[in-house]
Amino acid sequence: MAKKILRINMSALKATYEPIPEKWVRWGGRGLTSAIVFDEVDPTCHPLGPNNKLVIAPGWVSGSPAAPSSGRTSFGGKSPLTGGIKEANSGGLSSQKIAKLGLAAIILEGMPKDGKWYEIFINKDGVQFEDAADLVGKGMYEVDKLMWAKYSNKPAVIGIGPVGEMKLSNAGVSVNDPENEPGRYAGRGGLGAVMGARGVKVMVVDDTGGPGVELANKELFTEGRKKLTAAIQAHDLTKKDGGLWTFGTNVLMNIINEAGGLPTRGFSSGQFEGAAKISGEAVVENIEARGGVGTKHHACHPGCIMQCSSIYPHEDGTAFVSVIEYETSWSLGANCGIDDIEYIAQATWECNDIGLDTIEAGNAIAIAMEGGYLEFGDKAGALKTFDDIRQGTPMGRIMGQGTEATAKALGVFRVPTVKGQAMPAYEPRAIKGIGVTYATTPMGADHTSGYTIAPEIAGVGGKVDPLDNTDKAGLSLTFQAATAFIDSTGYCLFIAFPILDIAEGWAGMAESVAGVTGIEMTGDDVISIGKEILKMERLFNEAAGFTSADDRLPEFMRDEELPPHNVKWTMSNEDLDQVYAWVHEEA
Amino acid sequence: MNSIQVNTSLYGPLAQYAGGKYIAQKSVELKDNASIRDLMDYFGIPYDQKSYLFINAVLCDMPGLLASLDEPLKDGDRVGIFSLQHMWPYQYRDGIRMSETLTETLREHGTMHNVY
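Worth saying up front: this structure is predicted, and the values here are computed from it rather than measured. (Residues numbered from 1 in each chain as written. Chains lettered and ligands numbered in written order. Predicted model: local features only at pLDDT ≥ 70, side-chain atom pairs only at ≥ 80, totals over all residues.)

Asks: Whenever I open this one, the overall build of chain A confuses me. Can you help?
Replies: Of regular secondary structure, chain A possesses 24 helices and 17 strands. The C-alpha radius of gyration computed for chain A amounts to 22 Å, which stays within 12% of the reference 25 Å derived for 587 residues, consistent with globular compactness. Principal axes of the C-alpha set define a box for chain A whose edges measure 60 × 60 × 50 Å. A buried classification covers 65% of the 587 residues belonging to chain A. (Helix = DSSP H or I, 4+ residues; strand = E, 2+ residues; numbered from the N terminus. Rg over C-alpha atoms; globule rule 2.2 N^0.38 Å. Buried ≥ 20, exposed ≤ 12 C-beta atoms within 10 Å, placed from the backbone.)

Asks: What am I meant to see in the overall build of chain B here?
Replies: Scanning chain B for helices and strands turns up two helices and five strands. Along chain B, from the amino end to the carboxyl end, the secondary structure elements read β-β-α-β-β-β-α. For a compact globule of 116 residues, the expected C-alpha radius of gyration is about 13 Å, and chain B comes in at 14 Å, within 12% of that figure. Along the three orthogonal principal directions, the C-alpha set of chain B runs to about 40 × 30 × 20 Å.

Asks: How should I be thinking about the domain arrangement of chain A in this particular structure?
Replies: Note on interface size: it is often stated as the accessible area lost on association of the parts. Residues and elements named next belong to chain A. With domains assigned, chain A is organised as domain 1 (4–205), domain 2 (245–415) and domain 3 (422–501 + 522–585). Contact residues are listed per partner, giving 25 residues for domain 2 and 16 residues for domain 3. A per-element tally of the side of domain 2 that touches domain 3 places helix 10 (residues 326–332) first, with four residues. (Domains from an automatic or database assignment. Contact = placed C-beta atoms within 7 Å.)

Asks: Is there a simple way to explain the packing of helix 11 (residues 341–354) of chain A against helix 13 (residues 379–391) of chain A in this structure?
Replies: Two packed helices can be described by the angle between their axes and the distance between those axes. Residues and elements named next belong to chain A. Packing of helix 11 against helix 13 leaves a shortest axis separation of 11 Å and a crossing angle of 10°. Relative to helix 13, the element helix 11 is oriented roughly parallel. Of the residues in helix 13, those touching helix 11 at Tyr343, Gln346, Ala347, Glu350 and Ile354 are Lys379, Ala382, Leu383, Phe386, Ile389 and Arg390. Of the residues belonging to the contact of helix 11 with helix 13, the class tally is seven nonpolar, one polar and three charged. (Axes fitted to C-alpha atoms, helices over the stretch in contact; angles between N-to-C directions. Parallel < 35°, antiparallel > 145°, perpendicular 65-115°, else oblique. Nonpolar A, V, L, I, M, F, W, Y, C, P; charged D, E, K, R; others polar.)

Asks: What exactly am I supposed to notice about the interface of chain B and chain A here?
Replies: In this complex, chain B contributes 32 residues to the contact, which on the side of chain A involves 40 residues. Counting residues per element, the ones that place at least two in the side of chain B that touches chain A are strand 2 (23–31), strand 3 (50–55), strand 5 (78–83) and helix 2 (100–109) of chain B. Of the residues contributing to the side of chain B that touches chain A, the split by class is 16 nonpolar, eleven polar and five charged.

Asks: It is not clear to me how the environment of Phe386 of chain A should be interpreted in this structure. Could you clarify?
Replies: All names here are of chain A. Mapping Phe386 onto the fold places it in helix 13. Taking the C-alpha atoms as reference, Phe386 lies 9.9 Å from Asp353; in sequence the two are 33 residues apart. Setting aside anything within four residues of it in sequence, one finds Phe386 in contact with Ala347, Glu350 and Ile354.

Asks: Would you explain the sheet that holds strand 13 (residues 295–298) of chain A in this entry?
Replies: Think of a sheet as strands paired side by side through backbone hydrogen bonds, with each pair either parallel or antiparallel. Residues and elements named next belong to chain A. In spatial order, the strands read 13-14-15; together these three strands make up an open sheet with antiparallel pairing. Strand pairing shows two members of the sheet lacking a second neighbour, strand 13 and strand 15 (319–321), which therefore form its edges. Each adjacent strand pair in this sheet contributes to an overall mean axis angle of 45°, direction not counted. Bridge count for strand 13 against strand 14 (residues 309–313) is two bridges, and the pairing is antiparallel. Its bridge partner being in strand 14, Thr295 is matched across the sheet by Ile311. (Pairing = 2+ DSSP bridges.)

Asks: What is the right way to read the pairing of strand 7 (residues 118–123) of chain A from this model?
Replies: Walk down a regular strand and you will see the side chains alternate between the two sheet faces. Residues and elements named next belong to chain A. In the sheet, strand 7 pairs with strand 8 (residues 126–131) via six bridges, with the strands oriented antiparallel. Residue Glu119 lies in a different strand from strand 8, and its bridge partner there is Glu130. Count of turn residues in the strand 7/strand 8 antiparallel hairpin: two residues.

Asks: So what exactly am I meant to see when it comes to the nonpolar core here?
Replies: Across soluble globular proteins, nonpolar side chains have a tendency to be buried as a group. Judged by nonpolar contacts, the single largest core of 215 residues is most densely connected at Ala105, Ile106, Ile256, Ile365 and Ile495 of chain A together with Phe54 and Leu59 of chain B. Per-element accounting of this core gives the leading share, nine residues, to helix 18 (residues 472–489) of chain A. In contact with Ala105 of chain A, not counting residues within four places along its chain, are Ile5, Leu32, Ile36, Val55, Ile56 and Ala57 of chain A. (Core = buried A, V, L, I, M, F, W, Y, C linked by C-beta atoms within 7 Å.)

Asks: So what exactly am I meant to see when it comes to the confidence of the model for chain B here?
Replies: Regions with low pLDDT should not have their predicted coordinates read in detail. Summary statistics for chain B give a mean pLDDT of 95 and a share of 99% for residues scoring 70 or more. Here the predicted complex carries an ipTM of 0.98, next to a pTM of 0.97. (pLDDT = per-residue confidence, 0-100.)

Asks: Just checking my understanding: could you explain the sheet that holds strand 1 (residues 4–9) of chain A for this structure?
Replies: Residue and element names in this part refer to chain A. Strand order in the open sheet formed by six strands is 2-1-6-3-4-5, with mixed pairing between adjacent strands. The sheet is open, and its two borders are formed by strand 2 (14–19) and strand 5 (85–90), each paired with just one other strand. Each strand of the sheet is rotated relative to its neighbour by a mean of 20°, with strand direction disregarded. Pairing geometry for strand 1 and strand 6 (residues 103–109), over six bridges, is parallel. Looking across to strand 6, one finds that Ile8 is bridged to Leu108. Contacts from helix 1 (residues 29–40) reach strand 3 (53–58), strand 4 (73–78), strand 5 and strand 6 within the one sheet, and its direction differs from that of strand 4 by about 20°.

Asks: What is the right way to look at the pairing of strand 3 of chain B in this model?
Replies: Residues and elements named next belong to chain B. The buried fraction of strand 3 is high, at six of six residues. Alignment of strand 3 against strand 5, held across four bridges, turns out to be antiparallel. By the bridge assignment, Ile55 is partnered in strand 5 with Val79. Both strand 3 and strand 4 (residues 58–61) contribute to a ladder of three bridges, which runs antiparallel. By the bridge assignment, Phe54 is partnered in strand 4 with Leu59. The antiparallel hairpin formed by strand 3 and strand 4 contains two residues in its connecting segment, where Asn56 sits at a positive phi of about 50°.

Asks: Honestly, the environment of Ala35 of chain A in this entry has me stumped. Any pointers?
Replies: Residues and elements named next belong to chain A. Tracing the backbone through its elements, the reader meets Ala35 in helix 1. Taking C-alpha positions, Ala35 is 8.3 Å from Glu537, a pair spaced 502 residues apart along the chain. In this view, Ala35 contacts Trp24, Trp27 and Met536; residues no more than four positions away in its chain are not counted.

Next comes the structure, spelled out in structure tokens:
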């Protein structure tokens, strides 16, 4: 059975199943959300108005049998945070269940005329709309539990917390994990506010009895997934007992700190004296000492073989929070001058519950500290921020709007954002390559926009010397294109690690996609397909009013030296403009 | 004979060489003109068990390479040594400061791989 598009019109409270138009049939995941947003959303529309849409798409291979680590769901729309196109993706239960219902995407559009909040239930029989008044104001921990109590078959729960209800620009979209906890977020860019603006508090997806995912070429799919699985299981970073398996993403805390690239106290230093206390090593020491339900190997979606997530327990062994990612521990910790992992666990829980992106939230708190509203290191003050946001106090609403809004309210000019979105945990003055990606990606400052793919594997040809700064623009484009492709597959982006070093894995990724979709492609096509996605995103942003002036790092990074290396951001504007010069040069 | 103090952090399983579990931070007294080799010998760390190694925030070694053993140390240096269970994807180290020896070594091996 051919996949369909499920269009849910909240103005009419009507759901329709549509055949996939020819122009979208080759896309999945991020490629599909960006294609639909490019085609159907007016770039000049207000992100919270009636003309924006929230597009939800599983990846190409999601829901297919035994594709490893393939449970990512892409969410797309015009971002309230950046004003540009946005794709944010999440683990959790939603991707495979949407795919197994035979859906390539769900388009959520319109706004309820009655101004009510709605709960939407989707299964093989269709779509039901229910009044969600009794869910309004509730956090996602409670909402997830209520939905599993109400509906059978352990469905996927896609929802927004109070931040999304208030339509604040740092609202994420929550997806429940296999334990029905809300730690999986399509966090960046405020898409939770876009969902809130459609009047939808929660969507529940039950795939029981659905048609499943057909394979166009089972033999090719099987061959590809075996190659990819073998690469993941062989590589030092992703195999059992490897870096991700052992310490999770927070394995990077001590490394980036030793390198002098850990943004500290509002991007004023590259080293934090308390980094070790909030690192993955410290988290794992506590997990092992406390026992109980705590675990350092946790799959954020069914079928993940990397299991970089963890469950952090309270001292008595009961569940505290999942998961303390590196970027989360940095944002709420080092960036705020706080070295207390228990505080970070609590702050992470608060973000999961009320529906905040942790990167943006920690940056907003650091700005509040820079602006004198709080002091660096003030744990109690930082935690009170979450109460303020939950309650919708004036300051809470400002901080819930993100880093730039907080900076404007407090008169702070040192604002670590690009296109309105706050930077993640890698200081671009010390780690210069990522600065190029921060500056130029259509998504705003984003650490996941440019995952490394070696040019010799990506088939882009030519001799690239990464030690030569003049190649940074070309490298960044290659990385961004590869990332756009992987974000379309449904595979976790962390497959980039093994397929960087193991060419068979790279080929296997493309072959598994071809096997599911029937689209002819090999590893050599990955970069060109990724560039098609980037081009749509770039053109949308241009139509929304973005220019090359938006592809710049903050002024203070050009002016201020970052200790301990005492370096400034020195990449020229001309070099940055080279990254996307091809958009208007190529036919 | 003069001596120097080196502030050393051992991460992951290497911490067990300094009495820790996954993190050990210790100031070590070594002879003047000591090198990274002397520091690792002090703890008894097998050379092939280290991965990333930093001296004063400068990356001096990578997993699978032995580019740092002869790097000289001086009084007050900060050294961080990571285990083979650590990872640092290329995009998050692209453009960081590296020692001359490591830079030359990576030119031979290719800079972008995660392990060598």
